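Residue-level listing of the chains:
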Amino acid sequence: MGFFNVIIKKQTYLNLVYLLLAFPLGIFYFTFLTTGISLGLGLAITLIGIPILALMTIAWYGLGIFERTLSKTLLNVNIAPMSNNALKEKTFWKKLSKHLNNSATWKSLGYLFIKFPLGILSFVVVVTFISVSLSLIASPIVYYLSTIFPRMEFMVINGVELVTSYWPTAIMFVLGVFLLLVSFHLFNGLAYVSGILAKGLLSGKRKK
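Note that the coordinates shown come from a computational prediction; the quantities given were computed from them, not determined experimentally. (Residues numbered from 1 in each chain as written. Predicted model: local features only at pLDDT ≥ 70, side-chain atom pairs only at ≥ 80, totals over all residues. Heavy atoms only, no water.)

K.L.:
Which residues make up the layout of surface pockets, and what values go with them?
P.N.:
Empty space within the second largest pocket amounts to approximately 160 Å³. Lining the second largest pocket are Ile37, Ile50, Leu53, Ala54, Met56, Thr57, Trp60, Leu96, Leu100 and Trp106. Contributions of two or more residues to the lining of the second largest pocket are made by α3 (49-74) and α4 (92-100). Considering each element in turn, the lining of the second largest pocket owes the most residues, six residues, to α3. When its residues are assigned to classes, the lining of the second largest pocket shows nine nonpolar, one polar and no charged. (1 Å grid on protein atoms, 1.4 Å probe; cavity = no way out; pocket = protein on both sides within 12 Å on 5 of 7 lines; lining within 4 Å. Points joined across faces, edges and corners; volume = space filled by probe spheres on them. Helix = DSSP H or I, 4+ residues; strand = E, 2+ residues; numbered from the N terminus. Nonpolar A, V, L, I, M, F, W, Y, C, P; charged D, E, K, R; others polar.)

K.L.:
Give me a nonpolar patch on the surface: which residues, what numbers.
P.N.:
A surface patch of nonpolar side chains, about 350 Å² in accessible area, is lined by Leu20, Ile120, Phe123, Val124 and Val127. When residues in the nonpolar patch are grouped by element, the largest group, four residues, is from helix α5 (residues 103-137). Its location among the elements puts valine 127 in helix α5. (Patch = residues over 30% accessible without salt bridge, like charges linked within 9 Å, V, L, I, M, F, W, Y side chains within 5 Å. Areas by Shrake-Rupley, 256 points an atom, 1.4 Å probe, with all protein chains shown as cover. Salt bridge = Lys/Arg side-chain N within 4 Å of Asp/Glu carboxyl O.)

K.L.:
Report on the side chain of asparagine 15, specifying residues and quantitative values.
P.N.:
When you line up the elements, asparagine 15 lands in helix α2 (residues 10-42). Setting aside anything within four residues of it in sequence, one finds asparagine 15 in contact with Leu74, Leu75, Asn188 and Ala191. (Contact = heavy atoms within 4.5 Å.)

K.L.:
Give me the pattern of salt bridges: which residues, what numbers.
P.N.:
A side chain of one charge can pair with a side chain of the opposite charge if their charged atoms are brought near each other. Taken as a whole and judged by the stated rule, the model has one salt bridge. Glutamate 67 serves as the salt-bridge partner of lysine 115, at 3.0 Å between the closest nitrogen and oxygen. With a gap of 48 residues between them, lysine 115 in helix α5 and glutamate 67 in helix α3 connect regions that are remote in the sequence.

K.L.:
Give a description of α3 that names residues and reports values.
P.N.:
A rise of 1.5 Å per residue sets the reference length of α3, with its 26 residues, at 38 Å; its end C-alpha atoms lie 37 Å apart and thus fit the reference within 8%. Once α3 finishes, asparagine 76 follows within two positions and takes phi at roughly 60°, a positive value. (Expected span 1.5 Å × (residues − 1).)

K.L.:
Could you give me a rundown of the packing of aromatic side chains, with the residues and numbers involved?
P.N.:
Each aromatic ring pair is summarised here by two numbers: the centre-to-centre distance and the angle between the ring planes. With the rule as written, the count across this model stands at eight aromatic pairs. Taking 5.6 Å as the distance between ring centres and 65° as the angle between the ring planes, the aromatic pair formed by tyrosine 13 and phenylalanine 184 counts as edge-to-face. Placement of the pair is tyrosine 13 in helix α2 and phenylalanine 184 in helix α7 (residues 166-201), with a sequence separation of 171 residues. Residue phenylalanine 184 is classed as buried on the basis of its relative accessible area of 5%. The interplanar angle of 15° and the centroid separation of 5.8 Å between the aromatic rings of phenylalanine 28 and phenylalanine 32 together place this pair among those described as stacked. Residue phenylalanine 28 and its partner phenylalanine 32 are located together in helix α2, separated by four residues, close to a single helical turn. Accessibility expressed as a relative area gives 44% for phenylalanine 28, which makes it partly exposed. Classification of phenylalanine 32 by relative accessible area gives partly exposed; the value is 30%. An aromatic cluster is defined as three or more aromatic residues linked by ring pairs; in this entry it consists of Tyr13, Phe184 and Phe187. (Phe/Tyr/Trp six-rings, centres within 6.5 Å; stacked < 30°, edge-to-face > 60°. Buried < 20%, exposed > 50% of the residue type's maximum accessible area, 1.4 Å probe, protein only.)

Spelled out as structure tokens, the structure:
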């Protein structure tokens, strides 16, 4: 029964929300990081770029914390908090040096860049499978409406109606339900992979 229970589990829909959010967030991270880092590197010769790059490292570290919280909340992944003791240092340069030497700073950057292709993949998979599944499920209703409204066509190619009775639409409905269930399992699989990446790149060292 586990195959069918996926449709009533709360975690399935939390995973779906996470996958849908991954697309706009991935685009934002990629645009923000490439713009900020490019600007900082381009202006580094004038020394103005140095503080820009320093602020970017702090910004992407903060975004990493946000992603860690998002993964814990929506994916229910147990991720150890990232630690950064840079603020305990007395001078600005020591704080910056410790921040840059923290592996969590660079792992956060790597994760944010990975989020871009992963977000695109998640969005394409979710939209494609959901659209096809719902189209098949709605086929009996659409066919019924096509019999009422003459101008409304249902599966017509070159003027030839491919479906002329309700039986094919009933089969399409069953296939749609089955594909929807398979889709939810696939979404959970993508969410699981996302959780592994988040845990690997956004987790700190656990205290003994």
